[in-house]
Amino acid sequence: MAVEITDAGTMTSYSGNVLERRQRAAAEFLAWAEHHAHDVLRQQAAHVQVEGHPDRLDQRSALAQQQVCARRRLHAKQLHDSSMALLRHG
């Protein structure tokens, strides 16, 4: 078994066995790859929410803007009506 002293002054031991080192490196790489894939998906989702939003796609169309506003108003009214019905009957 070999010992390595890092820049931070901590001692790290590692096996002199090549197979064990490769297995440990493969496990670390898989952990990094999963974490990286999760970060990429999260960034893509955030990008789609900003770039793919109906307001942004149809920003030059007055009709599309009116439709988006009407959908938002309808949704807000439905939420209000639902909560009022819940308060009355709950």
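Preceding this paragraph is the structure being described.
The present account deals with the structure reproduced in this document. (Residues numbered from 1 in each chain as written. Predicted model: local features only at pLDDT ≥ 70, side-chain atom pairs only at ≥ 80, totals over all residues. Heavy atoms only, no water.)

### Some details on the overall build of the chain
In terms of regular secondary structure, the chain is built from three helices and two strands. Its helices and strands in sequence order give the chain the pattern β-β-α-α-α, from N to C terminus. In the chain, which comprises 90 residues, the share counted as buried stands at 4%. Within the chain, contacts between residues separated by at least 24 positions form 0% of all contacts whose residues are at least 6 apart in sequence. As displayed, the chain offers around 8,100 Å² of accessible surface, 59% of which is attributable to carbon and sulfur atoms. (Helix = DSSP H or I, 4+ residues; strand = E, 2+ residues; numbered from the N terminus. Buried < 20%, exposed > 50% of the residue type's maximum accessible area, 1.4 Å probe, protein only. Contact = heavy atoms within 4.5 Å. Areas by Shrake-Rupley, 256 points an atom, 1.4 Å probe, with all protein chains shown as cover.)

### Some points on the pattern of salt bridges
Counting across every chain of the model gives two salt bridges. Between Arg 42 and Asp 39 there is a salt bridge whose closest N-O contact spans 2.7 Å. In this pair, Arg 42 and Asp 39 both sit in helix H1 (residues 18-51), three residues apart, roughly one turn of the helix. Lys 77 is the salt-bridge partner of Asp 81, the closest N and O atoms lying 2.8 Å from each other. Highlighted residues: Asp 81 and Lys 77, both in helix H3 (residues 62-89), separated by four residues, approximately one helical turn. (Salt bridge = Lys/Arg side-chain N within 4 Å of Asp/Glu carboxyl O.)

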